[in-house]
Amino acid sequence: MGASADLATIRALIQRARNELLRVPGAAIPGVMAPSIFFLGLTSVFGNLTLLPGFTSESYQSFLVPVTLMQGAAFTGAATGVNLARDIEQGWFDRLLASPAPRPVILAGLVASAGLRALIPATFLLILAFAIGTHWPGFDGLAVALVIVMGMGIVAATWGTSLALKFKTQSAAPLMQAGMFVLVLFTTAYAPMDLLQDWLQAIATINPVTQVVEAARQGFVGEVTWAETWPGLLALLGLGVLFTALALRGMRRMTY
Amino acid sequence: MVAALGARSVKQTARRPQLAAPLFIFPTLLLAIQTGGAGRAVDLPQFPPVQSFLAFMLAGAMVQAVLLAGNSGAIALALDIEMGFTDRLFAAPISRFAVVLGRLAGTAMLGVIVAVWFIAIGLIFGANIEEGVLGAIWIVFMTSATAVAFGSLVAAIALRTGSASIVQGLFPILFVVLFLSSAFFPVNLMLEPSSSLAEYNPLSFIVEAMRQPIISGFDGPDELKGLLSVIGIAAVGLTLSGVAVRGRARRG
């Protein structure tokens, strides 16, 4: 099979994911609703944390919005894993594996759609955030945030896919969501690094998603710089490579 | 019969990770994240005097977990209806309401487990219960009673609709109710309009009734308001469940 056939396979799998979304639009609701509720709820509950000396933003919603964007992307990406688990349970994925398409191409088709789908909750959340007074991050800040959202959607999808291939059941869904939940929230999600408790500061320092959150946040709380952007992109790349390797190993194990 | 159905309900939750995970994993993770992330809030001048933010947060985590326990129990009840198991029980020579009570007995037991779990976490990580053993017993009782009260409300919806997906869809609403209460932060430090809404949310009364024995000791009026809120919610929930059971039996 040549590159054009590989691209056609990826396109077909993206189209299938898009069809699922069009035919069952309700499936997108949890990915939109949960982060929106968290965003509004946490803003109203913890909004006065900005009064703490050393807090780096005067607006808690501006500080929080990148975290909820990551949550939306993570939920949407993890849904790819749940859908794959359903396909495995129903035998559809076995038929896909029996096709002459290379395993990495199948995986690319599965996760690429997650990158695009992650823009759905992001769009909704941004409209909501701007409506309640979140700072405008500038076109550069917005572009960086959206690229990172797509990257996070792909990372979450590779994570969900690797778990779906391991457990082969939709019952693993809480694990797919909880894994992403931990990665996104054990960061500087609620407060700047200096204001975190020591133990969380230690975890956030080594958690690569902290760099991702900070890169997405920069436009909302200040200026966009390359120095704050590249660590986030590198962290996404590293996580993507790691989870892709796990997912491909899972596919090999399913075949042989 | 109620005990047997209750035991079945607890076993069912323990065996299905999708039912058990929301009870323990999510509230515990959220407790850790909020304590670590927003813990410095105790330095705010308007924050009530507490030994630690963890001590302040424990009651909120327990209430969050039991709301989810009630929801999980109702999802399992709706699944039983979808699969026809409840119809077989309704056809048996037992009180139909016993079927609901059995499910709620399981939810009450889960409430006890949740309370013990979070009290243990609090003690391990340095949050003392100022009221001592009596305070701990009161917290376990209130947690279990709250689980039954909210469980009966959601069970009524499960019985009325017979659809697990509808009951599952209530999950975000539970979080809205939680955020609009004093579960995670003192009401005087919350932003408007949440602050005003939280002041009159019965869930705030329940949380405060469980929080006081942890952070300072029993407070008569707070404990009474919490208890009355639980009784009120349970009365509404059980009445609605009774109506829903009769309606389901009538429809066949």
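Residues numbered from 1 in each chain as written. Chains lettered and ligands numbered in written order. Predicted model: local features only at pLDDT ≥ 70, side-chain atom pairs only at ≥ 80, totals over all residues.

1. Topic: the overall build of chain A
A count of helical and extended segments in chain A gives eleven helices and zero strands. Starting at the N terminus and ending at the C terminus, chain A contains elements arranged as α-α-α-α-α-α-α-α-α-α-α. A compact globule built from 256 residues should have a C-alpha radius of gyration of about 18 Å, and chain A, at 19 Å, falls within 12% of that. With the C-alpha coordinates of chain A rotated into their principal frame, the extents come out at 60 × 35 × 35 Å. Counting only residues that meet the buried cut, chain A has 49% of its 256 residues in that class. Looking at chain A alone, contacts between residues at least 24 apart form 82% of all its contacts between residues at least 6 apart. (Helix = DSSP H or I, 4+ residues; strand = E, 2+ residues; numbered from the N terminus. Rg over C-alpha atoms; globule rule 2.2 N^0.38 Å. Buried ≥ 20, exposed ≤ 12 C-beta atoms within 10 Å, placed from the backbone. Contact = placed C-beta atoms within 7 Å.)

2. Details of the interface of chain A and chain B
In this complex, chain A contributes 28 residues to the contact, which on the side of chain B involves 26 residues. Those elements giving two or more residues to the side of chain A that touches chain B turn out to be α2 (29-46), α8 (173-185) and α9 (198-206) of chain A. Looking at which element gives the most residues to the side of chain A that touches chain B, the answer is α2(A), with seven residues. Grouping the constituent residues of the side of chain A that touches chain B by class yields 22 nonpolar, six polar and no charged. (Nonpolar A, V, L, I, M, F, W, Y, C, P; charged D, E, K, R; others polar.)

3. Re the environment of Gly37(B)
Checked against the element boundaries, Gly37(B) lands in helix α2 (residues 17-38). Here Gly37(B) falls in the buried class, since 25 other C-beta atoms lie within 10 Å of it. Not counting the four nearest positions on each side in its chain, Gly37(B) is found in contact with Ala189(A), Tyr190(A), Ala191(A), Leu196(A) and Leu200(A).

4. Some words on helix α10 (residues 202-215) of chain B
Residue and element names in this part refer to chain B. The terminal C-alpha atoms of α10, which comprises 14 residues, lie 20 Å apart, in line with the 20 Å expected from a rise of 1.5 Å per residue. Burial runs high along α10: 13 of the 14 residues are buried. Two residues or fewer past α10, glycine 217 is found with a positive phi of approximately 135°. (Expected span 1.5 Å × (residues − 1).)

5. As for the packing of helix α3 (residues 60-89) of chain A against helix α5 (residues 103-117) of chain A
Residues and elements named next belong to chain A. For the pair α3 and α5, interaxial distance at closest approach is 9 Å and the crossing angle is 145°. Where α3 crosses over α5, the handedness of that crossing is right-handed. Mapping the contact onto sequence places Thr76, Gly77, Thr80 and Leu84 in α3 and Leu110, Val111, Ala114 and Arg117 in α5. (Axes fitted to C-alpha atoms, helices over the stretch in contact; angles between N-to-C directions. Left-handed = near helix turned anticlockwise from the far one by under 90°.)

6. Side note on the nonpolar core
Formed by 157 residues in total, the largest nonpolar core has its most connected members in Met152(A) and Met62(B). Here this core gets 20 residues from one element, more than from any other, and that element is helix α3 (residues 53-83) of chain B. In contact with Met152(A), other than residues within four places in its own chain, are Met70(A), Ala73(A), Ala74(A), Gly77(A), Ala118(A), Val212(A) and Leu236(A). (Core = buried A, V, L, I, M, F, W, Y, C linked by C-beta atoms within 7 Å.)

7. Considerations on unusual backbone geometry
Note the cis peptide between Glu192(B) and Pro193(B), where omega equals 5°. Its place among the elements puts Pro193(B) in the loop between α8 (171-179) and α9 (194-200).

8. Focus: the confidence of the model for chain B
Residues and elements named next belong to chain B. Across chain B, pLDDT averages 85, with 94% of residues at or above 70. Taken element by element, chain B is modelled with least confidence in helix α1 (residues 2-15), mean pLDDT 70, and with most confidence in α10, mean pLDDT 93. Our summary of model confidence lists the complex with pTM equal to 0.82 and ipTM equal to 0.79. (pLDDT = per-residue confidence, 0-100.)

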